[in-house]
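# An overview of the molecular structure
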Amino acid sequence: MKEKIYTIPINESLDADCSCPFCFLERKLECEAIDYTLGAAMMEPDFRMITNEKGFCKTHIKRLIEKRNALSLALIMDTHLAEIKSLFELENNEKSFFKKKKADNPFVSAVAHVAGECAVCSKINHTLDRYFYTFIFMLKSEKGFLDKVLSKNGFCFEHFAKLTEFAFRELSDREIEKYFKPIIELEENKIAEYHEHIKKFADSFDYRNAGKKCDVPKDILTKTAEFLNGEIGD
Ligand SMILES: [Zn+2]
Ligand SMILES: [Zn+2]
């Protein structure tokens, strides 16, 4: 069954010991995309066209450098730089370039487009969107799935926001009430828990509390940051 490509990893992410199943899936997709970019994709003209056009964001160029596959990365950078160079050549031939209206100047939008895109991010996000869609489908079609979700740690807020977007797009009002409201309540409880811990932590700096034990996890700032923005990584 085609949907098993997505349902199996989703079940694995819920079985894994992690704070957010979508962070787990995203990390896995990221590792695969980085390996693919420097490996099999070297022989894939379609993906090379994407890397030539988009290049990479700061996070992913760092991951690519860390892999120490100098030849592959040099070849990717070579063709990407050649494509960027061609944008400049086009504009040099355009005599009315500086007269064009600032708002719709094609050079401004072309360089902004290249600078703002990332071939790895777009590959990850494409599959991650399929996971969000399948997750919503599993909520209403797979027996025991909602209970399994509710027995776990909830979601980081960024992935919760994305899941909410998919839920409200794909589910009827009745289905939202039945399958998604319990997830909203789970997230609400998580927010209250983090808020209480952060308040206690902030209060522990008050001189009136000097010497008193603060019963919140030592890494509460990192944990709260990861709850708000997803896994921070190294
Ligand atoms: Zn997450
Ligand atoms: Zn990226």
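Below you will find a few notes about this structure. Please read all numbers here as calculations on a predicted model, not as lab measurements. (Residues numbered from 1 in each chain as written. Chains lettered and ligands numbered in written order. Predicted model: local features only at pLDDT ≥ 70, side-chain atom pairs only at ≥ 80, totals over all residues.)

This brings us to the overall build of the protein. From N to C terminus, the protein includes 11 helices and 0 strands. Reading the helices (α) and strands (β) of the protein from amino to carboxyl end gives α-α-α-α-α-α-α-α-α-α-α. The C-alpha radius of gyration computed for the protein amounts to 23 Å, which surpasses the reference 17 Å derived for 234 residues by more than 25%, pointing to a less compact arrangement than a globule. Oriented by its inertia axes, the alpha-carbon framework of the protein measures out at about 65 × 55 × 40 Å. Buried residues in the protein amount to 19% of all 234 residues. Sequence-distant contacts in the protein: of pairs separated by 6 or more residues, those separated by 24 or more amount to 75%. (Helix = DSSP H or I, 4+ residues; strand = E, 2+ residues; numbered from the N terminus. Rg over C-alpha atoms; globule rule 2.2 N^0.38 Å. Buried ≥ 20, exposed ≤ 12 C-beta atoms within 10 Å, placed from the backbone. Contact = placed C-beta atoms within 7 Å.)

Once that is clear, we can look at the packing of helix H7 (residues 119-141) against helix H9 (residues 157-170). The contact between H7 and H9 brings their axes to 9 Å, and the two run at 55°. Overall, the two elements H7 and H9 adopt an arrangement that is oblique. For the crossing formed where H7 meets H9, the hand is right-handed. The segment H7 lies against H9, with Phe132, Tyr133, Phe135 and Ile136 engaging Lys162, Leu163, Phe166, Ala167 and Glu170. When the residues that make up the contact of H7 with H9 are grouped by side-chain class, the tally is 7 nonpolar, no polar and 2 charged. (Axes fitted to C-alpha atoms, helices over the stretch in contact; angles between N-to-C directions. Parallel < 35°, antiparallel > 145°, perpendicular 65-115°, else oblique. Left-handed = near helix turned anticlockwise from the far one by under 90°. Nonpolar A, V, L, I, M, F, W, Y, C, P; charged D, E, K, R; others polar.)

Take the environment of glutamate 196 next. On the secondary structure map, glutamate 196 appears in helix H10 (residues 173-203). Glutamate 196 gets classed as exposed once you count the C-beta atoms within 10 Å, which come to 11. Taking C-alpha positions, glutamate 196 is 33 Å from methionine 138, a pair spaced 58 residues apart along the chain.

At their nearest, the axes of H10 and helix H11 (residues 220-229) sit 10 Å apart, and the two run at 150° to each other. The orientation of H10 with respect to H11, classified from their angle, is roughly antiparallel. As H10 packs across H11, the resulting crossing turns out to be left-handed. Contact with H10, carried on its side by Lys190, Tyr194, His197, Ile198 and Phe201, involves Ile220, Thr224 and Phe227 of H11 and no other residues of that element. Of the residues belonging to the contact of H10 with H11, the class tally is 5 nonpolar, 2 polar and 1 charged.

Below, the discussion takes up the nonpolar core. One finds Cys20, Phe22, Tyr131, Phe135, Phe155, Cys156 and Leu163 to be the most contacted residues of the largest nonpolar core, which totals 21 residues. For cysteine 20, the residues in contact, after removing those within four places along its chain, are Phe155, Cys156, His159 and Gly230. Among the nonpolar cores identified, the runner-up in size contains 7 residues, and Ile34, Leu64, Ala119 and Ile124 belong to it. (Core = buried A, V, L, I, M, F, W, Y, C linked by C-beta atoms within 7 Å.)

This part takes up the environment of phenylalanine 155. Along the polypeptide, phenylalanine 155 turns up in the loop between helix H8 (145-150) and H9. Considered as a pair, phenylalanine 155 and serine 19 are 136 residues apart in the sequence and their alpha carbons are 6.8 Å apart. When sequence neighbours within four positions are dropped, the list of residues in contact with phenylalanine 155 reads Cys20, Phe22, Phe160, Leu163 and Glu187.

This part is about the environment of phenylalanine 168. Here phenylalanine 168 lies in helix H9. What makes phenylalanine 168 exposed here is the crowd of 12 C-beta atoms within 10 Å. Put simply, phenylalanine 168 and phenylalanine 180 are 12 residues apart on the chain and 8.9 Å apart in space, counted from C-alpha to C-alpha.

Another aspect to go through is unusual backbone geometry. Positive phi values are uncommon outside glycine, yet arginine 68 reaches one of about 55°. Structurally, the position occupied by arginine 68 is in the loop between helix H4 (58-66) and helix H5 (70-92).

Right, let's talk about helix H3 (residues 45-54) for a bit. Inspection of H3 places Thr51, Asn52 and Lys54 among the buried residues, and these make up the whole buried set. One or two residues past the end of H3 sits glycine 55, with phi positive at roughly 70°.

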